[in-house]
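Coordinate analysis (summary)
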Amino acid sequence: QAAWRQDCLHLSLKPRTRSASQIAPICSSSQMQRCDSLDDAQGGPPLQQGDLVEYYSRSHTDWVPAKVLEVDADGRAKLDVKPNTWITREEQAAKVRRRAPAAAPGEPSLQQGDPVEYYSSSHSRWLPAEVVEVDADGRVRLSVKPQAWLARGVQAARVRRRAPGAGGGDAAADEKAEALARLQQLTGGSYFELGTLLDSVVSGAIAPLRGSFVLDLWRRGGRLERRQDLPEEAFWSAAALESAARRLGRSFGLLFVAISYRWLSPEHPDPDGFQLRIVAGCMEKYLERDGGRSPLARAFLDAGLAAMKKGTWSGAALDCAVFLDFCSLLQKPPGGQRSEAEARLFLAGLKASNVWYGHQETLVWMQPRLPPRFAFPRRLAQTYEDSGWCYVEAALSTALSHSDRRLDISDAGDCFSYQPSLGDNNDVRIRRRAVTLRCSARREPILQPEDVRSRLETQKVFTSPSDSGLVAELYRTFFEAIAGAAQRLRFSDLGWRVAEIRIIVAALPRFTSLRSLNLRANLFGCAGTAVLAKGLSGNATLAKLMLSGQPLNIGGTEEQRMCNLTDGGRDMSGVLELASVLPTLQNLRYLNLLGNDVDQKTYEKVRAALETLPGSCQLDGLDEEASDHGYG
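The present account deals with the structure reproduced in this document. (Residues numbered from 1 in each chain as written. Predicted model: local features only at pLDDT ≥ 70, side-chain atom pairs only at ≥ 80, totals over all residues. Heavy atoms only, no water.)

Remarks on the overall build of the protein
- Regarding its fold elements, the protein presents 22 helices and 22 strands.
- Going through the 632 residues of the protein one by one, you find that 52% of them count as buried.
- Restricting to contacts in the protein with at least 6 residues of sequence separation, those with at least 24 account for 72%. (Helix = DSSP H or I, 4+ residues; strand = E, 2+ residues; numbered from the N terminus. Buried < 20%, exposed > 50% of the residue type's maximum accessible area, 1.4 Å probe, protein only. Contact = heavy atoms within 4.5 Å.)

Some thoughts on the pattern of salt bridges
- This model, assessed by the stated rule, comprises 23 salt bridges.
- With a shortest N-O distance of 2.3 Å, Arg-141 and Glu-133 are connected by a salt bridge.
- With a closest N to O distance of 3.2 Å, Arg-219 and Glu-284 form a salt bridge. Highlighted residues: Arg-219 in helix α8 (residues 211–219) and Glu-284 in helix α10 (residues 274–286), separated in sequence by 65 residues.
- Classification of Arg-219 by relative accessible area gives exposed; the value is 54%. (Salt bridge = Lys/Arg side-chain N within 4 Å of Asp/Glu carboxyl O.)

A closer look at the sheet that holds strand β22 (residues 618–620)
- Across the sheet, which stays open at both edges, the five strands sit in the order β18-β19-β20-β21-β22 with parallel pairing between neighbours. The sheet terminates laterally at β18 (488–490) and β22, the two strands that pair on one side only. On average, each strand axis in the sheet is inclined to that of its neighbour by 0 degrees, with strand direction left out of account.
- Here strand β20 (residues 544–546) runs beside strand β21 (residues 590–592); their pairing, made up of three bridges, is parallel. In the strand pairing of β21, Met-546 is matched with Asn-592.
- Its contacts with the sheet place helix α22 (residues 600–610) against β21 and β22, and it is angled at close to 165 degrees to β22. (Pairing = 2+ DSSP bridges. Axes fitted to C-alpha atoms, helices over the stretch in contact; angles between N-to-C directions.)

Things to note about the environment of Trp-365
- Along the chain, the position of Trp-365 falls in strand β16 (residues 363–367).
- Residues Trp-365 and Leu-407, spaced 42 residues apart in sequence, show a C-alpha to C-alpha distance of 5.1 Å.

As for helix α14 (residues 388–398)
- In terms of residue burial, α14 counts as a mostly covered element, since 11 of its 11 residues are buried.
- Listed as buried for α14 are Gly-388, Trp-389, Cys-390, Tyr-391, Val-392, Glu-393, Ala-394, Ala-395, Leu-396, Ser-397 and Thr-398.

Points about the sheet that holds strand β17 (residues 406–408)
- An order of β11-β15-β12-β16-β17 is seen for the five strands of this open sheet, with the pairing classed as mixed. With partners counted over all chains shown, the strands left at the sheet margins are β11 (209–210) and β17, one partner each.
- Sheet strands in contact with α14 are β12 (256–261), β16 and β17, and its direction is about 145 degrees off that of β12.

Remarks on the nonpolar core
- Counting residues in hydrophobic clusters, the biggest one holds 136 residues, and the most contacted among them are Leu-209, Phe-256, Trp-365, Leu-489, Phe-511 and Leu-517.
- Looking at which domains feed residues into this core, each of domain 3 (191–445) and domain 4 (488–556 + 568–620) gives three or more.
- Not counting residues within four places of it along the chain, the set of residues in contact with Leu-209 comprises Val-214, Leu-230, Ala-234, Phe-235, Trp-236, Cys-320, Ala-321, Val-322, Leu-324, Cys-327 and Ser-328. (Core = buried A, V, L, I, M, F, W, Y, C linked by side-chain atoms within 4.5 Å. Domains from an automatic or database assignment.)

Focus on the side chain of Thr-196
- Within the secondary structure, Thr-196 is located in helix α7 (residues 194–202).
- Thr-196 sits in the buried class, given a relative accessible area of 12%.
- Those residues in contact with Thr-196 that lie beyond four places of it in its chain are Leu-183, Leu-186, Ser-190 and Val-355.

Concerning the pairing of strand β13 (residues 306–309)
- With four bridges connecting them, β13 and strand β14 (residues 312–315) associate as antiparallel partners. From the neighbouring strand, Ala-306 faces β14, where its bridge partner is Gly-315.

Remarks on the packing of aromatic side chains
- All told, the structure shown has 11 aromatic pairs when counted by the stated rule.
- Summarising the aromatic geometry, the rings of Tyr-191 and Phe-478 are spaced 5.0 Å apart at their centres and angled 75 degrees between planes, so their arrangement reads as edge-to-face. Placement of Tyr-191 in the loop between α6 (171–183) and α7 and of Phe-478 in helix α17 (residues 467–483) is noted, with a sequence separation of 287 residues between them.
- Overall, the relative accessible area of 3% leaves Phe-478 in the buried class.
- Grouping aromatic residues by their ring pairs yields a cluster made of Tyr-191, Tyr-475, Phe-478, Phe-479 and Phe-511.
- Between the NZ or CZ atom of Arg-210 and the centre of the ring of Trp-236, over which it lies, the distance is 4.0 Å. (Phe/Tyr/Trp six-rings, centres within 6.5 Å; stacked < 30°, edge-to-face > 60°. Lys NZ or Arg CZ within 6 Å of the ring centre and 35° of its normal.)

Considering the pairing of β16
- In terms of burial, β16 is largely enclosed, as five of its five residues are buried.
- Where burial is concerned, the two faces of β16 agree: the one with Leu-363, Trp-365 and Gln-367 and the one with Val-364 and Met-366 are both buried.
- Across three bridges, β16 lies against β17 in parallel orientation. Bridging from a neighbouring strand, Val-364 pairs with Arg-406 of β17.

Some thoughts on the environment of Leu-264
- On the secondary structure map, Leu-264 appears in the loop between β12 and α10.
- Along the chain, Leu-264 and Pro-371 lie 107 residues apart, while their C-alpha atoms are 9.1 Å from each other.
- Sequence-distant contacts of Leu-264, that is, excluding residues within four places in its chain, are made with Pro-269, Asp-270, Pro-271, Gln-275, Leu-370, Pro-371, Phe-374 and Phe-376.

Digging into helix α21 (residues 573–581)
- For α21, the full list of buried residues reads Gly-574, Val-575, Leu-578, Ala-579 and Val-581. Projection of α21 onto a plane perpendicular to its axis shows the buried side chains occupying an angular sector of 165 degrees, all on one side.
- Lining the buried residues of α21 we find α19 (525–536), β20 and α22. (Arc of directions from axis to C-beta.)

Considering unusual backbone geometry
- Phi at Lys-310 takes a positive value of approximately 55 degrees, unusual for a residue other than glycine.
- Checked against the element boundaries, Lys-310 lands in the loop between β13 and β14.
- What makes Lys-310 exposed here is its relative accessible area of 88%.

Considerations on the environment of Phe-213
- For Phe-213, the location among the structural elements is in helix α8.
- With relative accessibility at 11%, the residue Phe-213 sits in the buried group.
- Residues Phe-213 and Asp-319, 106 residues apart in the sequence, show an inter-C-alpha distance of 9.1 Å.
- Those residues in contact with Phe-213, other than ones at most four positions away along the chain, are Arg-220, Leu-230, Pro-231 and Ala-234.

What follows is the structure in structure tokens.
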């Protein structure tokens, strides 16, 4: 794996500030001159009273026409759409741009054949286009929307002329260049939204394998090959992947699977097919259409992409997109080097792979097993856990991933092996939780950058010792990006105890936008509840806290069955400690304590504490049956 990682030495890890292209759908770098925002008009004239502009409205998620009402000596401006707000020069760079000049009186706004740009809401960006027809009323049809007539009012907000020499003759090439430019400016939002995952594919930086191809390759007795040596049908096209992802809606993350594993030789990561066999075994279960076992199959059915009638699947073929570094990134030829263009895409793909591993919605499959009696040279890490690069891939996925989307697949297919009950829906839920506990048992809490750096320097092994500092910096930039953006953290069904809660509590103050924390069905008991309570005291953003207990009918030891917030009803001190800090959680609106054997007296103290809050806070704490509310 060292050969693959060496190029990361050239990867810039310099933190980036939020730019206009990340906050609002302003043009990419290749089109900045047409955008004419203050950010790209360095040294240009400031706004003047009466200027016609456009303002990016977060509530409308679009640009709206506006007029400058007033400008002060510092260059701050008031607009007619925000008449009571001074907009600073810095804010103008991201949210204000000059309106394109209006057509001369009596002259049609656009003519057939004119090169233009059209703002697409579905793509959240400007697309190169050409006017294909204009009618007597000035309505137009564009090459990117040939079936739709756009009235003049729509044109004012969504169509603008393309400057001479601005490109766009090849729309696909322009789109690829724009996607590549966006990958260079990752922010916290990149790890929560669909757009960056799609950009990694549109740009050509990452070529995701079809899960069905991986499975077929194994069945045919094939082996993994370099991306450049695989047939076109092995990969998803950007258009097909975007279409499937958008139709899946909120379940889009189930379509994206990132594989973390050890390379078994510098020349080839899996010369004898050991890794392929394990990944394909899990893929076989994940793409299984019968029995409702696979969450991907359920998502396809729920989204209407497919239907199941009388045991027969119809509609879209069940498939997923797989990031597997050797096959998804541009590799060196044997004994040679990448071309200059390949090297640029490789570095972009290496950076974008962190989004696949660290994204809140994607799946991460970790494969730590090695072949029997296999040994690396002594100078290399001997296990998955000891490898610095594998450790960071795993650490990236601990922060945001759903509990059931970061899985150890070393027992191939076990993570999707549960059988749903024919009669009891609760039984299905219990079985799924048991499987989740088994497959995600190795998950650590979110580690702060200084802790990761310490472990890399003292416990992990790199082929090149200098990589340690670079990898630590990579994790730091990731952590700082997501810490300011994450609104939900979900760590349910992980078997965490007091030690893990202490780590989480230490990191929580850095999550400045956190609104929802889910720690249900863990094993930290009364002592952990007290630690958590002290760590949450004074939190100004938290609105939802899920602490429902370990279901008593899940299998395991007696300790596991009874280890809820009250240690099976024996000790209320942890919940009482929590009650004492609830008045300091000024934005709390929902608290779930179900399944914790909280007695009536303690329950009333919790409720009384919540009644001191400025807003209404719902409490679930004594009901025998857990409602769906609050589970996420």
